[in-house]
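Each chain, written out:
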Amino acid sequence: MKVLVIDDEEYVRLVLEDTLRQEGCDVTTVAQGQAGIEALQETSYDCVITDLRMPGIDGREILQWVREHQPDVDVIVLTGHGEVKSAVEAMKAGAWDFLAKQTPFDGIQVSAALTKLQAVRSLRRENLALRLGAVSRHIPSVLPGISPAWKKLMETVEKIALAQAPVLIQGETGSGKELIARTLHQLSPRRDRPFLAVNCGAVSDQLLESELFGHEKGAFTGATAAKIGLIAAADGGTLFLDEISEMSSPMQVSLLRVLDRGEYRQVGGTRTLTANVRFVAASNRNLQELMLAGRFRDDLLYRINTVLLQVPPLRERPEDIPPLAKHFLQTFHRSGTPIRHLSPDALERLAAYSWPGNVRELRNVVQRLSLLAGEKTSGPIEPDELAVVLPMNQLIRDRKDSAPPGSLEDAEKEHILRVLKDHGGNKTQTAKTLQIDYKTLLTKLRKYGVTE
Ligand SMILES: Nc1ncnc2c1ncn2[C@@H]1O[C@H](COP(=O)(O)OP(=O)(O)OP(=O)(O)O)[C@@H](O)[C@H]1O
Ligand SMILES: [Mg+2]
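Residues numbered from 1 in each chain as written. Chains lettered and ligands numbered in written order. Predicted model: local features only at pLDDT ≥ 70, side-chain atom pairs only at ≥ 80, totals over all residues.

Turning our attention to the nonpolar core. Grouped together as the largest cluster of nonpolar side chains are 43 residues, with contacts concentrated most on Ile169, Ile231 and Leu239. Setting aside residues up to four positions removed in sequence, Leu239 forms contacts with Leu196, Leu230, Ile231, Ala234, Val277 and Phe279. Val5, Leu40, Val75 and Ala90 belong to the second-largest nonpolar core, a separate cluster that totals 26 residues. (Core = buried A, V, L, I, M, F, W, Y, C linked by C-beta atoms within 7 Å. Buried ≥ 20, exposed ≤ 12 C-beta atoms within 10 Å, placed from the backbone. Contact = placed C-beta atoms within 7 Å.)

Shown next, in the form of structure tokens:
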């Protein structure tokens, strides 16, 4: 823990410094309130131990300042003899604890308080991550797939899981990039810490910046309270930067700075914070090409593709279709019905298909298959049953040959469905290509009867 001690008595500073060092803390001491606030603005601390009564800016003011500007910092106040009332007031004002200075002053109490604080802080961080809803759970250590390309990829994942270097995962939409990122985290020594994800293409620049780095109160209009960023929330864990190709140039610069120095600042903040996360980025576009086209910074690319995982599209590894289909048939299996399997002919039909939406599309197809199967359906799945669950492809192919659609709405529908298909059912991408709101897309799809 990084601890800042503010006390005007040199003896107290010395005792605290000595005790806290022995506890393994990183300690800074200052003799005045003003210097304390300056230190807080400059560096990031976990905890401030401050004397209550001091000339100039006193402990109460420091407490107030910290609560307002740096709510993630805990404050312990030191009180002199007979200052119970002030101690109670400090607790009410948001101090985490208070310690009475006895004479002679020793550090025993302080070590106990800090040990407790450390445990609470780590719990708090985990809670936050849980609330963000992104802590990975129940990830199988090895993902289904038997093709040589997939096996080699999994071997690499297992190997690099132990390292710290940033990772770039490239592959077509729906090929399993996020799943691989989660698996990587699960196999890494960071598995007990959070896995947090952010989609760099889904939010505005300003929002992305404050999401990643956090912001101070009043950093921008609407920032009514300070907020901790994802880098801090994922502390010790993995931060997944999805669709990194969509990051604006200024954001690329900020990210590069974090990757290079391991340090960053909150929006509107003056403190330098230390990042302890493993960055895993993903892109369904070729970053090398984007770089050559001047759309992605070469220095950032150089930095993030230290380890490059290229996920092969499903059509290039048809051997994986049977095990994946089996896996999804089990996933979507309704209890009380027999688990079905695909006939050799049906498998052949699946292998012949080009799967532009990759594994996600296969998953959707199997899901539809399971939903449509009647209660009494049993026996292997034959190609005719498959034809029913690939309606969108069929629809679009038929439509192309048929007479031009009549109404504008028909044309719109056809176009939307085609783009959706091109993106393998990925609605975020579809909305982006169509240059409409994600919500608008959902409304339209609902109108066309496309749910799921
Ligand atoms: N090898 C696999 N085994 C089981 N499920 C898989 C596998 N690969 C992908 N999936 C499933 O396919 C779907 C899409 O995977 P994922 O979200 O990881 O793709 P992605 O590459 O991140 O796609 P996008 O580029 O569209 O974000 C998910 O439901 C995922 O669980
Ligand atoms: Mg993804």
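This part takes up the site of ligand 1. Thr173, Gly176, Lys177, Glu178 and Val359 are the nearest of the 18 residues found near ligand 1. Those elements giving two or more residues to the shell around ligand 1 turn out to be α7 (177-187), α13 (321-331) and α15 (358-372). A breakdown of the residues in the shell around ligand 1 according to their chemical character gives five nonpolar, nine polar and four charged. Among the domains, domain 2 (148-312) and domain 3 (316-447) are the pair contributing at least three residues each to the shell around ligand 1. (Near = placed C-beta within 6 Å. Helix = DSSP H or I, 4+ residues; strand = E, 2+ residues; numbered from the N terminus. Nonpolar A, V, L, I, M, F, W, Y, C, P; charged D, E, K, R; others polar. Domains from an automatic or database assignment.)

Glancing now at the domain arrangement of the protein. Its domain assignment divides the protein into domain 1 (2-129), domain 2 (148-312) and domain 3 (316-447). Here the C-alpha centre of domain 2 lies 34 Å away from the C-alpha centre of domain 1. Taken together, the contact between domain 1 and domain 2 spans 13 residues of the former and 14 residues of the latter. Here the residues of the side of domain 1 that touches domain 2 sort into four nonpolar, five polar and four charged.

What follows concerns the sheet that holds strand β4 (residues 74-79). The five strands are arranged β2-β1-β3-β4-β5 in an open sheet whose pairing can be described as parallel. Bordering the open sheet on either side are β2 (26-30) and β5 (97-100), each of which pairs with just one other strand. Recorded for the sheet is a direction-independent mean angle of 20° between the axes of neighbouring strands. One ladder, built from five bridges, connects strand β1 (residues 2-6) with β2; its direction is parallel. When the bridges of β2 are listed, Val3 appears paired with Val27. Here helix α1 (residues 10-22) sits on the sheet in contact with β1, β2 and β3 (47-51), set at roughly 170° to β2. (Pairing = 2+ DSSP bridges. Axes fitted to C-alpha atoms, helices over the stretch in contact; angles between N-to-C directions.)

A word on the confidence of the model for the protein. Across the protein, the average pLDDT comes to 85, with 91% of residues at or above 70. Ignoring residues within four places in sequence, the model shows residues 135-139, a span with pLDDT below 50, making eleven contacts including any to other chains. Within the model, the stretch residues 391-403 combines pLDDT values under 50 with eight contacts to residues more than four positions away or in other chains. (pLDDT = per-residue confidence, 0-100.)

Contact pair α13 / α15: the axes reach a minimum separation of 9 Å and the direction vectors enclose 45°. On the basis of their axis angle, the class for α13 and α15 is oblique. The crossing of α13 and α15 is right-handed. Residue-level inspection shows Ile321, Leu324, Ala325, Phe328 and Leu329 of α13 in contact with α15, the latter providing Val359, Leu362, Arg363, Val366, Gln367 and Ser370. Residue composition of the contact of α13 with α15, grouped by class: eight nonpolar, two polar and one charged. (Parallel < 35°, antiparallel > 145°, perpendicular 65-115°, else oblique. Left-handed = near helix turned anticlockwise from the far one by under 90°.)

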